[in-house]
Amino acid sequence: MTLSKIKTPVFLVGCMRSGTTMFAELLGAHPNIIHCPFELRRVWSREAGVPMASPKTFDHKCPHLTEKDVKPGQREMLSKAFKEEMRKNKGNKKMKNSLFLNKNPHLGNKLPFVNELFPDAKFIWIYRDMPSVTASLKKILNRKVVHYWPEKTNPDTVRCWECIFNSIPANIDRQRCFPGGDVRYFAEYWYETNKAISNFANSISSDRIFIVKEEELVSQPEKVITKCLKFLGLPAILPISLIKNINPDRNELWSTRLNKNEINSLFNFVLENGENLNSIFPDDNLFYKYKQQLFSNL
């Protein structure tokens, strides 16, 4: 690898709480993959000037970026920083034989931008059912830092979460703020992020993106990991000890974590979006599925 270019980086994306961390850790156990945790938000923000709303970066916003937003020098700065992160995280692995892996949900509204920076990159997209994502977001976004779901001001803009570090401004809709807001905005985030990733997936060749459903990873981890490693051109060396730690019931918890009002809010979201829900993922009639699933828990 030269100083100016990193070889075939791999970016693992999906909305928050979709299993990105779990899958990255499983893949990162492979002897030829160096997973550089945690999301490298500081690298993206400070080295390349790409804000990612987070208490770790003190960025308030996480803007939608396209290929037109690439600035001179960003590719070189990121390549250098990524290789330095590989050195820090390689352990006993050899860099020249290893792929760089960065999992980062914040890239969900920036993939054309990432693709312009790294045209030889490969992408892994993991998605998870909306009720499970919603319940998990409700559980985790309970910190002192307020997460705000911005209003839609431009139909072409793909939103991501913003952070409010001090008091909530008076003009801000409290229902869009978490903890304490309306969970339908979790569903909006899930829909908009995955729709954007789906559109990007359709814009590149199939040999550059691997798509996996989180529920399939949980139920058939050996099969999914083997297929993903084949996609990456690597031998099927499986992390058996980590696979044994996967909780097979992790997707059965959502109905106990959401109250009736929250389930009803999601049900109304599903009715409002109708068959648009069917256009995101391959081979899934989500409108009918979620309508039945949520109604049965009301």
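The structure contained in this document is the topic of the report that follows.

Let us look at the sheet that holds strand β7 (residues 177-178). What the 3 strands build is an open sheet, ordered β6-β5-β7; its pairing is antiparallel. Whereas interior strands pair on both sides, the edge strands pair on one side only; in this sheet they are β6 (162-164) and β7.

Once that is clear, we can look at the pattern of salt bridges. Tallying each qualifying case throughout the model produces 15 salt bridges. For the salt bridge of Glu-39 with Lys-103, the shortest nitrogen-to-oxygen distance reads 2.9 Å. In this pair, Glu-39 is assigned in the loop between β2 (33-35) and α2 (41-48) and Lys-103 in strand β3 (residues 99-103), connecting sequence segments 64 residues apart. Each member of the pair, Glu-39 together with Lys-103, is buried. With its nearest N and O atoms 3.6 Å apart, the salt bridge here joins Glu-214 to Arg-128. Of this pair, Glu-214 sits in helix α7 (residues 214-219) while Arg-128 sits in the loop between β4 (122-127) and α5 (130-140), and the two are 86 residues apart along the sequence. Judged by its relative accessible area of 0%, Glu-214 falls in the buried class.

Turning our attention to the packing of helix α11 (residues 260-273) against helix α12 (residues 286-295). Running from amino to carboxyl end, α11 crosses α12 at an angle of 155°, the nearest separation of the two axes being 9 Å. Here α11 lies roughly antiparallel to α12, going by the angle between them. For the element pair α11 and α12, the recorded crossing hand is left-handed. Taking contact as the criterion, the partners of Ile-263, Leu-266, Phe-267, Val-270 and Leu-271 in α11 are, on α12, Phe-287, Tyr-290, Lys-291, Leu-294 and Phe-295.

Bringing the side chain of Glu-39 into the picture now. Relative accessible area serves as the criterion here: at 6%, Glu-39 is assigned to the buried category. Apart from residues no more than four positions distant in its own chain, Glu-39 is found in contact with Trp-44, Asn-102, Lys-103, Asn-104, Pro-105 and His-106.

Cut-off values and rules
Residues numbered from 1 in each chain as written. Predicted model: local features only at pLDDT ≥ 70, side-chain atom pairs only at ≥ 80, totals over all residues. Heavy atoms only, no water. Pairing = 2+ DSSP bridges. Helix = DSSP H or I, 4+ residues; strand = E, 2+ residues; numbered from the N terminus. Salt bridge = Lys/Arg side-chain N within 4 Å of Asp/Glu carboxyl O. Buried < 20%, exposed > 50% of the residue type's maximum accessible area, 1.4 Å probe, protein only. Axes fitted to C-alpha atoms, helices over the stretch in contact; angles between N-to-C directions. Parallel < 35°, antiparallel > 145°, perpendicular 65-115°, else oblique. Left-handed = near helix turned anticlockwise from the far one by under 90°. Contact = heavy atoms within 4.5 Å.

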